[in-house]
Amino acid sequence: MTAVDSKLIGHRGNSIKGILIGVTISLAGFINGIDTGIIASTIAQDTFKLYMYGESMENASLRAGIVSGYYAGYAVGSAASAYCMDKISRRWTLFLGSVISVIGAVIQTAAINPTMMILGRALSGASSGLVYPTAPVYLAELSAPENRGFLVGLKGLMNTFGFGISNWIGYGGSFAVGDLQWRIPLATQAPPALLLAILCFFLPYSPRWLAQKERYDDAKKVMEYLHSHRTSEFIEEEYKSMYDQIRLEQSQRNLNSFSSLFTRRYARRLLLACLTVNMMKLSGSNVINNYQSVMYNSLGYEGQQVLLIGGLYGFMAIIGQIINVFFIADHWTRRTTLISGYVTLVVLLGVLTGLSERFSDDTNPHGSRAGVAFIFLFSFAFSFFFNSVNWTILSEIMPLHIRGVGVGFAVFTQSITAIWLSYAASIAFDAISWRFYFVFIACNAFAGLAYYFFLPETRFLTLEEVAAKFGDEVVNPMHKDLISEDTAESTDKKDVVHVEAEKKD
């Protein structure tokens, strides 16, 4: 691959203006983090259990309904994002999702019965479904190739911050009185969503969305605004690559965006996209996030101890994510990060399974502490390896004309997985306890093998050049090493090159 100046890789190649725009868009990740994280501490509060479940203070079906209701809304929101991203722009899709998030937070805070709580969670889910897949697409389309992992990683960092903070909010809420123990934490979902809604009025449009709408002059102005710290040659080359590739794709298109997704040409990319987002849930992270209080109970911890441990769990994720964004994203290859990450999760879950089987109560405090330690290590490892690169891969492997609908559809399938998984997990922990971990061990092993055989390397390539890795025609690639020997001769005769897809490096 063409050498890239190390001074431009990752966070070092961005202007202050670019980072501020990236952080603003990444508030979508913060919203998702706090919305998903706050429920773990909420369902652990005794006052919430008494208010929602009655004197028995336990109802697995209602608990599962409250948790999975969020993902039902997420399914609707992610499906809508596939349409909204292209129709009203990445920018205003974020605004719409933010407004819905505020409404959902208000309904949850004021909930007087489980039905109202489920409705509020569903609206919060719908808002996350709109903003969470939109943010990485938006960020990827604003960034330079060598900075894409960092900028998209900011969304993952903000997501981890939101989740971590939600755990401490839940712990702080336990010191309040009565229903305020859970109503105040639920209310904290509203402020970040309101802030993002306001800041959307100051964000630039995606230059690639503008170009897709044939607003080429506006697209170039945005590129000049975003990359004013770069040379004019860089801006011209980036713009020409984008412009020519979009015109080529438009001339070849004979189906609408959604129908194109399911053609043989894009099958590999669609399957990889669906695998990438679904493994965020099937890796075990989703279940551990939502039901960590149940897991700590199974290890012998109770009451405020559970909430305190949950806060520390979120802190471990923050450490892992900070290291990833500044030292892993754009520095390690995508393939290395993903494959080594899944091997690590298999090992950690294997040890956790053994500890959970041997020390299922508080009779051996050393065993219980070891179990908590491996849950913490899992939290660290997931953020360290996956919370950035997964969304980077998802946002860069689709060509522009199906990027919005492709990412939206993939996230929709993720939400379906989250619905049945979150509902099944509540019952599975009661029925088979620690044996449930074997499901995630198998899924992680499968994902690692799938990436090894089918994922090409995409680091440092422009979004237009990534298409070449999957066998698409590419106009005037900036990285000439994308041109294979078989096509080099024909490239001298025409501007369009075709590169056969690679299965691995």
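Residues numbered from 1 in each chain as written. Predicted model: local features only at pLDDT ≥ 70, side-chain atom pairs only at ≥ 80, totals over all residues. Heavy atoms only, no water.

- Where an unreviewed UniProt entry is consulted, the chain appears under the name General substrate transporter, with the organism given as Stachybotrys elegans.
- UniProt annotates the chain under Sequence similarities (unreviewed entry) with the comment "Belongs to the major facilitator superfamily. Sugar transporter (TC 2.A.1.1) family."
- Its UniProt record, at the heading Subcellular location (unreviewed entry), says of the chain: "Membrane". (UniProt positions renumbered as here; feature names shortened; annotations may be inferred.)

## Quick look at the confidence of the model for the chain
Part 1 of the reasoning: The pLDDT averaged across the chain works out to 84; a share of 87% of its residues lies at or above 70.
Part 2 of the reasoning: Note that pLDDT drops below 50 for residues 480–505; the model gives that stretch 55 contacts with residues more than four away or on any other chain. (pLDDT = per-residue confidence, 0-100. Contact = heavy atoms within 4.5 Å.)

## Details of unusual backbone geometry
Part 1 of the reasoning: Backbone geometry places Ser89, a non-glycine residue, at a positive phi of 95°.
Part 2 of the reasoning: For Ser89, the position within the fold is in helix H5 (residues 89–109).
Part 3 of the reasoning: Here Ser89 falls in the buried class, since its relative accessible area comes to 0%.
Part 4 of the reasoning: Phi is positive for Asp330, close to 70°, though the residue is something other than glycine.
Part 5 of the reasoning: Looking at the secondary structure, you find Asp330 in the loop between helix H16 (304–328) and helix H17 (334–358). (Helix = DSSP H or I, 4+ residues; strand = E, 2+ residues; numbered from the N terminus. Buried < 20%, exposed > 50% of the residue type's maximum accessible area, 1.4 Å probe, protein only.)

## A word on the environment of Thr462
Part 1 of the reasoning: Within the secondary structure, Thr462 sits in the loop between helix H21 (437–454) and helix H22 (463–466).
Part 2 of the reasoning: Remark: the alpha-carbon pair of Thr462 and Arg148, spanning 314 residues in sequence, is separated by 9.1 Å.

## Re the packing of aromatic side chains
Part 1 of the reasoning: The full count for this structure, using the stated rule, is 29 aromatic pairs.
Part 2 of the reasoning: Note on Phe48 and Tyr53: the rings are 6.1 Å apart at their centroids and 85° apart in plane angle, and the pair reads as edge-to-face.
Part 3 of the reasoning: Its relative accessible area of 10% is what places Tyr53 among the buried residues.
Part 4 of the reasoning: Consider the rings of Phe380 and Phe384, whose centres lie 5.7 Å apart with planes at 25°: the pair is stacked. Taken together, the residues Phe380 and Phe384, both in helix H18 (residues 365–385) and four residues apart, mark about one turn of the helix.
Part 5 of the reasoning: In this structure Phe380 comes out as partly exposed when scored by relative accessible area, which is 23%.
Part 6 of the reasoning: Overall, Phe384 belongs to the buried group, its relative accessible area being 13%.
Part 7 of the reasoning: Each member of the aromatic cluster is reached from another via a ring pair, and the members are Trp332, Tyr342, Phe380, Phe382, Phe384, Phe385, Phe386 and Tyr451.
Part 8 of the reasoning: Its end group placed over the ring of Tyr51, Arg183 keeps NZ or CZ at 5.2 Å from the ring centre. (Phe/Tyr/Trp six-rings, centres within 6.5 Å; stacked < 30°, edge-to-face > 60°. Lys NZ or Arg CZ within 6 Å of the ring centre and 35° of its normal.)

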